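The primary structure of each chain is shown beneath.
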Amino acid sequence: MRKTELITALDLELDKAEEIVKKLSKDVKYYKIGPVLFMRHGVKAIDMVKKHGGEVFLDLKLHDIPNTVKEAIENANKLGIYSISMHILGGPTMIKAGINAAKKLKIWGVTILTSIDLIEFHRIGFRYSLEKQVQHLAKLANETQVDGVIASPRELYYLRQTLGEKIRIITPSIRMEASGKDPWDDQKRFLTPKEAKERGADFIVVGRPITQSKNPLKAAQEILKEIE
Ligand code: C5P
């Protein structure tokens, strides 16, 4: 059976993020730092996670000319992070420039943001169906040998079918079956950790169900139990 790992998304202020990492550090290895935390606290946020023994997925979704991405990845190598994301729409030359510059750093590709609905998708000018476009980009990413593809849970099953077993798939939009409709919750089409594992996720990204919980450690442990 595939091993599925938990990544806790730290969409918080630095002090709150550190409280969470301290509580979780014995059980959870991976933490996602996105632009919100990074723009405010930069490398300090990364160092905080590393200080507590965690690994960082830096979710900055790079999308730029190949040379800029190459130089950004050269600098990212020095941060000692585990993985970083980039848009597959940046094209194969950009992705390869990133991959060639990466040392131990894993490169994860984003297909189409799940916030983009069909109307917007067509306004941008895509002509395939959304599903076909996602599949096309994932295949392209696979050909360029990215280490992983970030996908919504509803894409998991067919992406795993299309891409085979080797490529890593990372998915957010995860909720426990019993989760009530919390006021902060904007995830509509989620899967449970167990379902994501069964459909072939290597990593699940979970933020608020852990960080907003009264007992973040217990919430994380319940998730870990489902993906054991
Ligand atoms: O709090 P929640 O569990 O919804 O957090 C999920 C994390 O994954 C957030 O950092 C969010 O920005 C990110 N994400 C997402 N849905 C996507 C892509 C990324 O929720 N389609």
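Nothing here was measured: the structure is a model prediction, and the numbers come from that model. (Residues numbered from 1 in each chain as written. Predicted model: local features only at pLDDT ≥ 70, side-chain atom pairs only at ≥ 80, totals over all residues. Heavy atoms only, no water.)

Participant: Describe the overall build of the protein chain, with residues and values.
Facilitator: Within the protein chain, the regular secondary structure consists of eleven helices and eight strands. Taking 2.2 N^0.38 as the reference for a compact globule, 228 residues should give roughly 17 Å; the C-alpha atoms of the protein chain span a radius of gyration of 17 Å, in line with that estimate. Considering the protein chain as a whole, with its 228 residues, one finds that 50% of them fall into the buried category. Taking contacts inside the protein chain between residues at least 6 apart in sequence as the whole, the part at least 24 apart equals 62%. Just so you have it, the protein chain exposes about 12,100 Å², and 50% of that area is on carbon and sulfur atoms. Here the protein chain carries 38 positive and 30 negative side-chain charges, and the mean point of each set is 2 Å from the other. (Helix = DSSP H or I, 4+ residues; strand = E, 2+ residues; numbered from the N terminus. Rg over C-alpha atoms; globule rule 2.2 N^0.38 Å. Buried < 20%, exposed > 50% of the residue type's maximum accessible area, 1.4 Å probe, protein only. Contact = heavy atoms within 4.5 Å. Areas by Shrake-Rupley, 256 points an atom, 1.4 Å probe, with all protein chains shown as cover. Lys, Arg positive; Asp, Glu negative; His and termini not counted. Charge placed at Lys NZ, Arg CZ, Asp CG, Glu CD.)

Participant: For unusual backbone geometry, give the residues involved together with the corresponding values.
Facilitator: Phi angles above zero are rare outside glycine, and Gln-145 is one such case at about 65 degrees. Along the chain, the position of Gln-145 falls in the loop between helix 7 (130-143) and strand 6 (148-150). Its identity as a non-glycine residue notwithstanding, Ser-173 has a phi of 55 degrees, on the positive side. Among the secondary structure elements, Ser-173 is positioned in the loop between strand 7 (168-171) and helix 9 (193-198). Residue Ser-173 is classed as buried on the basis of its relative accessible area of 11%.

Participant: I'd like to hear about the sheet that holds strand 1 (residues 5-9), residue by residue, with values.
Facilitator: The sheet built from eight strands closes into a barrel, its strands ordered 1-2-3-4-5-6-7-8 with parallel pairing. Recorded for the sheet is a direction-independent mean angle of 25 degrees between the axes of neighbouring strands. Sheet topology places strand 1 next to strand 8 (residues 203-206); four bridges connect them, and they run parallel. Among the inter-strand pairings, Ile-7 is bridged to a residue of strand 8, identified as Val-205. (Pairing = 2+ DSSP bridges. Axes fitted to C-alpha atoms, helices over the stretch in contact; angles between N-to-C directions.)

Participant: Please provide a residue-by-residue account of the pattern of salt bridges, values included.
Facilitator: Scanning the entire structure with this criterion turns up eleven salt bridges. Here Glu-5 and Lys-3 are joined by a salt bridge, their closest N and O atoms 3.4 Å apart. Notably, a salt bridge pairs Arg-40 with Glu-13, separated by 3.3 Å at the nearest N-O pair. Residue Arg-40 is found in helix 2 (residues 35-41), and its partner Glu-13 is found in the loop between strand 1 and helix 1 (14-24); the two are separated by 27 residues along the sequence. Taking relative accessible area as the criterion, Glu-13 reaches 37% and is therefore assigned partly exposed. Salt bridges linked by common partners bring Arg-2, Arg-160, Glu-165 and Asp-202 together as one network. (Salt bridge = Lys/Arg side-chain N within 4 Å of Asp/Glu carboxyl O.)

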